[in-house]
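Here is how the chains run, residue by residue.
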Amino acid sequence: MKKKYVKRTIGILSLVLCLTIGFFLAQTFWLRQIDNNDMRLRGLYLEDPDSLEMIVLGSSEVYNDYAAPEAYRLYGFTSYPFAFETNPVTLWKYELTEILKTQHPKVLLVEVNGCVYDDELLHKYAAIRYLADSMKLSRNKIDLVNDLGTDSAMSYYVPLIKYHGKWKSKPNLDLLNIYKDGHCRLRGTFSHTVIKPTGEERDLSGETGTLPLDPLAEERLNEFMDLAEASGIEHVVFCRFPHQVIDDRSYNQYLRNNRVAEIVQARGFDYIDFSAVQGELGLDKTADWYDGEHLNARGQQKFSAYLGKVLSERYGLGNRDLTEKQRAEWEDSADLIGYYFRYFDQYMAANPDNQDTGDNLRDGLRTLRAIAAIKAAEQG
């Protein structure tokens, strides 16, 4: 009788364990929002601790314009884009806290577009979700949910509550694949497979005007700078990635960015306006842009080379010791990025109507398989 009871108990515990594991796997790799933002943010956890010399924090400009493997290929420094769509300054302190759990980069580069948003974007629900859903359970995540969460708190800790309807959809294996590889092989790189020529740019010669930031944005920017000063990061650098000023909206953003520059420089931080050097970058408005705020892969390749050169020269990047395994993985990423850029060119040549199909390049299985096919064809 006793043996029967023990056997039944073991059976029940085994069933509970299997259901628990199944529940965890389902809400981690299937019943959740899996897109380029989620994969990029979760990919930071997969990078070896203290293996990154630079982290770039910001919004969609960051992952559209900068390819970390290209900077490694050209200048030998490791980096990663901790960036997601519409990333407002209201979230930055939580992001820096999360970064510092595993990485202590020599340079933290902060793209400041998230400071120029209005009140609606500063509280954008989707942005809060992108960050919270990617974070591991911690005091930092609890603080984020308590401070800014708008759904039931439990839905941030158990994504299945929010995304249970996804059981009807085909499983997305992209996230599972980066866990299998142990890292994002393209290191969070993303590009739109389309070219959108933009309008005439305004002449900003001698323009030094500013517009005030939203009061909350300025308050949160100062909060973030306090944390950055206390972080121990050697170089915290604020910047603006290339943007075209083609209408009133982009002009007003330009003036607010000028205000950001005043604020951060008054606190002693470096500020670099990469919009001011577009001539040196050689960007072609008929071929290198997705829209006035984001580069496509051709522009991304140019800007990554320029940014990597500026930062390696100014801040001495490229000197972090890597293990043999880490170096091999980064060499793989550097190899892949060349095929990534060639794939973009081939894709555009095969799509002469230049239609935005939404078939974007990212750390997904489709892109990696397409790149592998090009590599195999070139190697015979």
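Structural notes, computed from the coordinates.

The rules behind the values
- Residues numbered from 1 in each chain as written.
- Predicted model: local features only at pLDDT ≥ 70, side-chain atom pairs only at ≥ 80, totals over all residues.
- Heavy atoms only, no water.
- Buried < 20%, exposed > 50% of the residue type's maximum accessible area, 1.4 Å probe, protein only.
- Helix = DSSP H or I, 4+ residues; strand = E, 2+ residues; numbered from the N terminus.
- Arc of directions from axis to C-beta.
- Core = buried A, V, L, I, M, F, W, Y, C linked by side-chain atoms within 4.5 Å.
- Contact = heavy atoms within 4.5 Å.
- Pairing = 2+ DSSP bridges.
- Axes fitted to C-alpha atoms, helices over the stretch in contact; angles between N-to-C directions.
- Salt bridge = Lys/Arg side-chain N within 4 Å of Asp/Glu carboxyl O.

1. Some details on helix 11 (residues 174–181)
A turn of α-helix holds 3.6 residues, and therefore any two residues three or four places apart point the same way.
And step 1. Turning to helix 11, its buried residues number three or more, namely Asp174, Leu175, Asn177 and Ile178. Buried residues of helix 11, seen end-on, are gathered within an arc of 155 degrees and therefore sit on one face of the element.
And step 2. One or two steps after helix 11, the chain reaches Gly182, where phi turns positive at roughly 90 degrees.

2. As for the nonpolar core
And step 1. The biggest cluster of nonpolar side chains holds 86 residues, and the ones touching the most others in it are Leu109, Leu221, Phe238 and Phe241.
And step 2. Not counting residues up to four positions away in its chain, the partners in contact with Phe241 are Val56, Glu61, Val62, Asp65, Tyr66, Leu109, Glu111, Phe274, Ser275, Phe303 and Leu307.
And step 3. Counting residues in hydrophobic clusters, the runner-up holds 18 residues, among them Ile195, Ala297, Phe344 and Ile371.

3. Looking at the sheet that holds strand 1 (residues 54–58)
And step 1. Taken in spatial order, the five strands make up an open sheet running 2-1-3-4-5, and their pairing is parallel. Of all strands in the sheet, those bounded by a partner on one side alone are strand 2 (79–83) and strand 5 (270–273). This sheet shows a mean twist of 20 degrees between the axes of neighbouring strands, independent of strand direction.

4. Topic: the pattern of salt bridges
And step 1. A complete count under the given rule lists 25 salt bridges for this structure.
And step 2. Its salt-bridge partner being Asp133, residue Arg129 comes within 2.9 Å of it at the nearest N-O pair. Of the two residues, Arg129 and Asp133 both sit in helix 7 (residues 125–134), four residues apart, roughly one turn of that helix.
And step 3. For the salt bridge of Asp288 with Lys302, the shortest nitrogen-to-oxygen distance reads 2.6 Å. Here the residue Asp288 occupies a position in the loop between helix 14 (278–281) and helix 15 (297–315), and Lys302 occupies one in helix 15, the gap between them amounting to 14 residues.
And step 4. Lys302 gets classed as partly exposed once you look at its relative accessible area, which sits at 32%.
And step 5. Each of Lys93, Glu219, Arg220 and Glu223 takes part in one network of salt bridges that share partners.

5. Details of the environment of Asn354
And step 1. Its location among the elements puts Asn354 in the loop between helix 16 (324–349) and helix 17 (365–378).
And step 2. A sequence separation of 158 residues divides Asn354 from Lys196, and the C-alpha atoms of the two residues are 8.3 Å apart.

6. A word on unusual backbone geometry
And step 1. You will see that Asp50, though not glycine, has its phi angle at about 55 degrees, which is positive.
And step 2. Even without a glycine there, the phi angle at Thr86 is positive, about 50 degrees.
And step 3. Assignment of secondary structure puts Thr86 in the loop between strand 2 and helix 5 (92–99).

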